[in-house]
Protein chains: 2
Amino acid sequence: MPYRAPVSEIRFVLDKVVGFERVAATETFAEATPETVEAILTEAGKLSEEVLAPLNRQGDLHPARLENGIVRTSPGFADGFRAIAEGGWLGMSADPEHGGMGLPITLTMAVNEMIGSACLALQLNPLMTQGQIEALEAHASDEIKALYIPKLVSGEWCGTMNLTEPQAGSDVGALRTKAEPKGDGTYAITGQKIYISWGDNDFSENICHLVLARLPDAAPGTKGISLFMVPKKLPDENGNAGVANSLKVVSLEHKLGLHGSPTAVMQYDGATGWLIGEPHKGMAAMFTMMNNARLGVGVQGLSIAEAAMQHAIGYALERKQGRTAQEGGTILHHADVRRMVLSMKAHTFAARALAMDTAVSLDMARATGDAGWRARGAFLTPIAKAYGTDTGIEIASQGIQVHGGMGFVEETGAAQYARDVRVTAIYEGTNGIQAMDLVGRKMMDGGAAAYALLDELAVSGHSRMEDAVAELRALTAWLLEQEMQDRFAGAVPYLAAFARVLGASYHLRAAAADPARKPLAEVAVSMLLPEALAEMAKARSGAEVLYAVSDEVVAA
Amino acid sequence: MPYRAPVSEIRFVLDKVVGFERVAATETFAEATPETVEAILTEAGKLSEEVLAPLNRQGDLHPARLENGIVRTSPGFADGFRAIAEGGWLGMSADPEHGGMGLPITLTMAVNEMIGSACLALQLNPLMTQGQIEALEAHASDEIKALYIPKLVSGEWCGTMNLTEPQAGSDVGALRTKAEPKGDGTYAITGQKIYISWGDNDFSENICHLVLARLPDAAPGTKGISLFMVPKKLPDENGNAGVANSLKVVSLEHKLGLHGSPTAVMQYDGATGWLIGEPHKGMAAMFTMMNNARLGVGVQGLSIAEAAMQHAIGYALERKQGRTAQEGGTILHHADVRRMVLSMKAHTFAARALAMDTAVSLDMARATGDAGWRARGAFLTPIAKAYGTDTGIEIASQGIQVHGGMGFVEETGAAQYARDVRVTAIYEGTNGIQAMDLVGRKMMDGGAAAYALLDELAVSGHSRMEDAVAELRALTAWLLEQEMQDRFAGAVPYLAAFARVLGASYHLRAAAADPARKPLAEVAVSMLLPEALAEMAKARSGAEVLYAVSDEVVAA
């Protein structure tokens, strides 16, 4: 059951559900005509189906490995990466001034979805590079931009993000890596970073590490962090990869999944780095990079949801077991399997629409500078990240279940999806961190962004939906009145509820645009809204009941 | 963070939540005094902590493998099995006439829980053997019983179940393995069986395969299936393992988890077998074996829930990230982590109480012959199986999440729990099959068993609980009025709801017995009841909406 790129489904979501035509109508993105969109999706879909999908199991069976300090990537990954680079998919949204195509982030996300469905371990590499391009565009000097971005866009060089240290995970402010000025405008970077996705590879000429570190006069915590570009090889006078920098891969992690993606422990021993942006403003710069990367990770969840769903449906359409109402029926015609499969379809559609809706907001904010769009995109981003990845995890697990005993056998492929996708709920900020961002930072506007979204959803003309929106509005108001600790206690359920109410609304919009989608929309609403109401009930529990259980009882 | 056997917690559940004293008060189980229970749990707990838990990762890293037709088990597994056998844990509930201890199945389940937490891959072996002993006790001739059961109880021989064939999974009736009478009272068994857990090993003298096959005059479907004992080595005149039978292990599966458990494809080439029970009544005999095995698999889910929870809490008590309200706090003092950990505790407690409650019913039915107890146990069994295993899967995933990035790294151990437990929702009847059993066969009494349970739950004196019970009662009545297809469409949500309402009731009972448990009970009720109500809403959807979505739309 090979992967089929859902090009027409993506088109439908763009055109009929999330109003992509508004992006295309801006001056900034005038080139994103329907013909261009169709051509891009078709081409990227073909690459994903034909070139990348066949690599997926190779990466799982033959993990990237470290040999005498050099990372050897999985069979075929070098060719796969080259094909992605040659298609221009790395720099789709990068500035044309540096070789990019200047296309909406929405289209990058649509393309990333397909590449990720085909081979998530490999797709993580472009995702890192795309984030780096964006951070450089926003914060680097013109020289750095001119030197690095064209090579990142072309795929000659790759980019990484270096945040985490053993004692500094979700608490980035606890990092200790040092940056000492060398007197020539560069810095000596010293420290160890962990969980560096694609920290090295054997198919690009250089690896460009964006590293968070502390200057000597830095304040403690996140306010004392600066961002540095620390390339594996120092650029020579022609801007090509030259002599080796003082950094190395210490080891690669042995992971549950994403075996094809080398996850490195990096050691910097006085490596030469260049400051990106202002001193001590590294977190702000990193957030630029992380913001779209967060959406990108949400899309990774979607990628696996789609791929695992296709895989399970393919099986359910062929496997015969027991009597079914119709002659020659397969397990798809058993009510419980059908329920599972439709749950997969309901959530996958919702996750895609949510990701694309978020991306449209980001594009509109960029094209128009409008604060409303910016706030909308900022509010939706953590929801898209957490719900997309939770959905990927849940659907990959359902995919195993649909396969029965075969689902537990690795050769089937269903298990790989579940292993690969699991980390997406953790990296780029755990889903708990996303939810805390949602009820914390993203509600510092007094709930304006939340209420604006609820206003959009309020007029569905669907009574169960309207009840759910009213309940979500009441919950939002309640949360805003609580102490931060109580908000945090309800953060994950609140995010889960918001995602499901949004998801139901996308289904209703789809049904309104295309009557053939009404039956699925009805199933989706019947699943998503009860789930949303349960999460809303949980979100109201507050922190007190949690802390009323003593540590002794927890540890007992 | 080594595994600690929760002996006092199990005692609490037995004594204060599920009324085990009623079992001990019967003549049949008069030996199960509090002192005996304490001694058994303490001893089995010690074995689990000290001998078996250290084997768990070995089994994962060094899977059982097939070498020239011989299965080589993981390092230490032979010693681990011997320790289990020598402790008498294989035949705890077997008839003393054949060397067993004749103790309640409730205690076997409690011991199995701990052994499974320590090393699930190894524990699957005793579970199969225990099921075989039970099937033989119920259906085999006195000669077969006398020959096989003592050797199974002592662990000299091991037992397996052979049901599945490539075309016959959930649809057991589609199996094709043949049994030809040889004229001497034995049968020639020919066919291939798949997914045979512990189909072979290198530490027992003989492997006793219980095989479902068709006699020449068999009707099609499940009515034409008979059960045979087909030992790897034919017993000699002294009842010892003699010459090899005509059967072999063709291959072992490469699985997501449970690497230490060899999952075999078995080939029978005219192997000599002995009929167990009546001709064509093999399914009934197999159901005896599967019934307690189903509860046993539910307990496997509980095993992993407990182990993964302990592992995550151990980490959460040590890992420091970010500021917490109290000085020197760890991530356990962040509201969202606390919410996750308490959700783990709430569901694990509920799953344990449900498993033990089910086991108590089975014991009471056996001791008293009472039809009410029998019906109660039969109704609870699929709930305990599905909820126990779903809980194990969910909690293992939350355990990864609590560990953050470390959760995705295999050395941490959190991922192994998630991989190992995944199959428990599939084998011994998928959880979908369990739910269909619940709303189908287990409601052929017109709902009597369901209503009797709801009557038990109705008088909690807790208003949210009483509302939930009332809603579950109404849903039960509604389901009973529906066509079977509609019941099946709502089967999984109905089971999930019933489990959660039961779970909340166990927490309330615990809080009533011990005020120190009130805070956790409050958290548990605030989580379990909203989930139950959401599942109840889903259970009412019926089949029509599912089939209104066309196959074309599903496959699109």
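Please read all numbers here as calculations on a predicted model, not as lab measurements. (Residues numbered from 1 in each chain as written. Chains lettered and ligands numbered in written order. Predicted model: local features only at pLDDT ≥ 70, side-chain atom pairs only at ≥ 80, totals over all residues. Heavy atoms only, no water.)

(A) Focus on the overall build of chain A. Broken down by element type, chain A carries 20 helices and 11 strands. The C-alpha radius of gyration computed for chain A amounts to 23 Å, which stays within 12% of the reference 24 Å derived for 556 residues, consistent with globular compactness. The dimensions of chain A, computed from C-alpha atoms along their principal axes, are 75 × 60 × 55 Å. Looking at chain A as a whole, 64% of its 556 residues qualify as buried. Pairs at least 24 residues apart make up 74% of the contacts formed inside chain A by residues separated by at least 6 positions. Considering chain A, the positive charge centre built from 47 side chains and the negative charge centre built from 65 side chains are found 3 Å apart. (Helix = DSSP H or I, 4+ residues; strand = E, 2+ residues; numbered from the N terminus. Rg over C-alpha atoms; globule rule 2.2 N^0.38 Å. Buried < 20%, exposed > 50% of the residue type's maximum accessible area, 1.4 Å probe, protein only. Contact = heavy atoms within 4.5 Å. Lys, Arg positive; Asp, Glu negative; His and termini not counted. Charge placed at Lys NZ, Arg CZ, Asp CG, Glu CD.)

(B) Structural view of the interface of chain B and chain A. Facing the 80 residues of chain B at the interface are 81 residues of chain A. Surface buried jointly by chain B and chain A totals about 6,700 Å² across both partners, of which 61% is contributed by carbon and sulfur atoms. The tally of links between chain B and chain A comes to four salt bridges. The residue Glu 531 of chain B makes a salt bridge to Lys 538 of chain A at a minimum N-O spacing of 2.6 Å. Broken down by element, the residue count for the side of chain B that touches chain A peaks at 11 residues, all from helix α18 (residues 518-539) of chain B. (Buried area = accessible area lost by both parts, 1.4 Å probe. Salt bridge = Lys/Arg side-chain N within 4 Å of Asp/Glu carboxyl O.)

(C) Looking closely at a negative patch on the surface. There is a patch of like negative charges on the surface, built from Asp 390 and Glu 394 of chain A together with Asp 390 and Glu 394 of chain B. Mapped onto the negative patch, the elements with two or more residues apiece are α11 (371-402) of chain A together with α11 (371-402) of chain B. Among the structural elements, Glu 394 of chain B can be located in helix α11. (Patch = residues over 30% accessible without salt bridge, like charges linked within 9 Å, V, L, I, M, F, W, Y side chains within 5 Å. Areas by Shrake-Rupley, 256 points an atom, 1.4 Å probe, with all protein chains shown as cover.)

(D) Local environment of the UniProt feature "domain: Acyl-CoA oxidase/dehydrogenase middle" (unreviewed entry) in chain A. Feature annotation in UniProt assigns "domain: Acyl-CoA oxidase/dehydrogenase middle" (unreviewed entry) to the following positions: residues 161-269 of chain A. Overall, residues 161-269 of chain A shows 0% helix and 47% strand. The separation of its end C-alpha atoms is 17 Å. (UniProt positions renumbered as here; feature names shortened; annotations may be inferred.)

(E) Molecular detail of the UniProt feature "domain: Acyl-CoA dehydrogenase/oxidase C-terminal" (unreviewed entry) in chain A. Within the UniProt annotation, "domain: Acyl-CoA dehydrogenase/oxidase C-terminal" (unreviewed entry) is assigned to residues 281-438 of chain A. Helix makes up 74% of residues 281-438 of chain A and strand makes up 0%, while its end C-alpha atoms are separated by 22 Å.

(F) The arrangement of the relation of the copies chain B and chain A in detail. Mapping chain B onto chain A is achieved by rotating through 180° and translating by 0.0 Å along the same axis, at an RMSD of 0.0 Å. On this basis, the relationship between the two copies can be described by a two-fold rotation axis. Identified as the residue of chain B closest to the rotation axis by C-alpha distance is Ala 534 of chain B, at 2.9 Å. Comparing contact sets, 100% of the residues at the interface of chain B also lie at the interface in chain A, consistent with an isologous, same-surface contact. (Least-squares fit on C-alpha atoms with pLDDT ≥ 70 in both.)

(G) Geometry of the side chain of His 209 of chain A. Residue and element names in this part refer to chain A. Along the chain, His 209 turns up in strand β6 (residues 206-213). There is a polar contact of 2.7 Å between the side chain of His 209 and the side chain of Thr 160. Once residues lying within four places of it in the same chain are set aside, the contact partners of His 209 are Gln 132, Thr 160, Asn 162, Gly 199, Phe 228, Met 229, Val 230, Pro 231, Lys 232, Leu 247, Met 266 and Tyr 268. (Polar contact = N/O pair within 3.5 Å; in protein donor to acceptor, adjacent residues only side chain to side chain.)

(H) Structural context of empty space enclosed by the protein. Residue and element names in this part refer to chain B. In the structure shown here, the tally under the stated rule is one cavity of 30 Å³ or more. When its volume is computed, the largest cavity comes out at roughly 30 Å³. Going through the elements one at a time, α17 (491-513) and α18 are the ones with two or more residues in the lining of the largest cavity. Of the residues that constitute the lining of the largest cavity, the class distribution is four nonpolar, one polar and one charged. (1 Å grid on protein atoms, 1.4 Å probe; cavity = no way out; pocket = protein on both sides within 12 Å on 5 of 7 lines; lining within 4 Å. Points joined across faces, edges and corners; volume = space filled by probe spheres on them. Nonpolar A, V, L, I, M, F, W, Y, C, P; charged D, E, K, R; others polar.)

(I) How the structure looks around the packing of helix α1 (residues 7-17) of chain A against helix α3 (residues 34-52) of chain A. All names here are of chain A. Running from N to C, α1 and α3 cross one another at 145°; their axes reach a closest spacing of 10 Å. In terms of crossing hand, the pair formed by α1 and α3 is right-handed. Contact residues: α1 offers Val 7, Ile 10, Arg 11 and Leu 14, while α3 offers Pro 34, Val 37, Glu 38, Leu 41 and Thr 42. Here the contact of α1 with α3 is built from residues that sort into six nonpolar, one polar and two charged. (Axes fitted to C-alpha atoms, helices over the stretch in contact; angles between N-to-C directions. Left-handed = near helix turned anticlockwise from the far one by under 90°.)

(J) Up close: the packing of aromatic side chains. All names here are of chain A. Scanning the entire structure with this criterion turns up 14 aromatic pairs over all chains. Taking the centre distance of 5.3 Å and the plane angle of 65° together, the rings of Phe 379 and Phe 498 count as edge-to-face. Placement of the pair is Phe 379 in helix α11 and Phe 498 in helix α17 (residues 491-513), with a sequence separation of 119 residues. Relative accessible area serves as the criterion here: at 0%, Phe 498 is assigned to the buried category. A cation sits over an aromatic face here: Arg 441 above Phe 287, 5.2 Å from the ring centre. (Phe/Tyr/Trp six-rings, centres within 6.5 Å; stacked < 30°, edge-to-face > 60°. Lys NZ or Arg CZ within 6 Å of the ring centre and 35° of its normal.)

(K) Examining the pattern of salt bridges more closely. For the coordinates displayed, the defined rule picks out 50 salt bridges over all chains. Here Arg 419 of chain B makes a salt bridge to Asp 60 of chain B, at a shortest N to O gap of 2.6 Å. Pair noted here: Arg 419 of chain B is in helix α12 (residues 414-421) and Asp 60 of chain B is in helix α4 (residues 56-61), with a separation of 359 residues, a long-range link. Grouping residues by exposure puts Arg 419 of chain B and Asp 60 of chain B together as buried. A salt bridge links Asp 437 of chain B to Arg 294 of chain B; the nearest nitrogen and oxygen atoms lie 3.2 Å apart. Of this pair, Asp 437 of chain B sits in helix α13 (residues 431-439) while Arg 294 of chain B is found in helix α9 (residues 282-316), placing the two residues 143 residues apart along the sequence. In this structure Asp 437 of chain B comes out as buried when scored by relative accessible area, which is 10%. A network of salt bridges, in which partner residues are shared, links Arg 294, Asp 437, Arg 441 and Lys 442 of chain A.

(L) Region of the structure containing the layout of surface pockets. Residue and element names in this part refer to chain A. What the second largest pocket holds in volume is close to 920 Å³. Arg 4, Glu 306, Met 309, Gln 310 and His 311 are, among the 45 residues lining the second largest pocket, the residues nearest its centre. Considering only residue class, the lining of the second largest pocket consists of 24 nonpolar, 12 polar and nine charged.

(M) Spatial organisation of the environment of Glu 165 of chain B. Residues and elements named next belong to chain B. Mapped onto the fold, Glu 165 is located in the loop between β3 (157-162) and β4 (178-181). The sequence separation of Glu 165 and Lys 193 amounts to 28 residues, and the corresponding C-alpha distance is 4.8 Å. Those residues within four positions of Glu 165 in sequence are excluded, and the remaining contacts are Leu 175, Arg 176, Thr 177, Gln 192, Lys 193, Ile 194 and Leu 212. There is a polar contact of 2.7 Å between the side chain of Glu 165 and the backbone nitrogen of Arg 176.

(N) Layout of helix α6 (residues 105-118) of chain B. Look at α6 of chain B: 20 Å from first C-alpha to last across 14 residues, which is about the 20 Å you get at 1.5 Å a residue. Of all 14 residues in α6 of chain B, 14 are buried; the element is thus mostly enclosed. (Expected span 1.5 Å × (residues − 1).)

(O) Up close: the packing of helix α14 (residues 448-457) of chain B against α17 of chain B. All names here are of chain B. Remark: α14 packs on α17, axes separated minimally by 11 Å, with the N-to-C direction vectors making an angle of 30°. In terms of their interaxial angle, α14 and α17 are classed as roughly parallel. In the packing of α14 onto α17, the handedness of the crossing is left-handed. Contact residues: α14 offers Ala 450, Leu 453, Leu 454 and Leu 457, while α17 offers Tyr 494, Phe 498, Val 501, Leu 502, Ser 505 and Arg 509. Partitioning the contact of α14 with α17 into residue classes produces eight nonpolar, one polar and one charged. (Parallel < 35°, antiparallel > 145°, perpendicular 65-115°, else oblique.)

(P) How the structure looks around helix α8 (residues 142-154) of chain B. All names here are of chain B. For α8, built from 13 residues, the straight-helix expectation of 18 Å at 1.5 Å per residue is met to within 8% by its first-to-last C-alpha distance of 18 Å. Most pronounced at Tyr 148, the bend in α8 amounts to some 30°, and the proline Pro 150 follows within four residues. Every buried residue of α8 is listed here: Ile 144, Lys 145, Tyr 148, Ile 149, Lys 151, Leu 152 and Val 153. Those residues of α8 that are buried are in contact with α7 (120-139), β3, β6 (206-213), β7 (226-231), β8 (233-235) and β11 (263-276). Immediately downstream of α8, the backbone of Gly 155 shows phi near 85°, a positive value. (Bend = angle between axes of the 7 residues up to and from the residue.)

(Q) Broad picture of the pairing of β6 of chain B. Residue and element names in this part refer to chain B. The buried fraction of β6 amounts to eight of the eight residues, a majority that puts the element mostly inside the structure. What you see with β6 is no split at all: Asn 206, Cys 208, Leu 210 and Leu 212 on one side and Ile 207, His 209, Val 211 and Ala 213 on the other are buried throughout. Two elements, β3 and β6, share six bridges in a ladder whose sense is parallel. Bridge pairing in β6 links Gly 159 to Cys 208. One ladder, built from six bridges, connects β6 with β7; its direction is antiparallel. Paired with Leu 212 across the two strands is Leu 227, which belongs to β7. (Pairing = 2+ DSSP bridges.)

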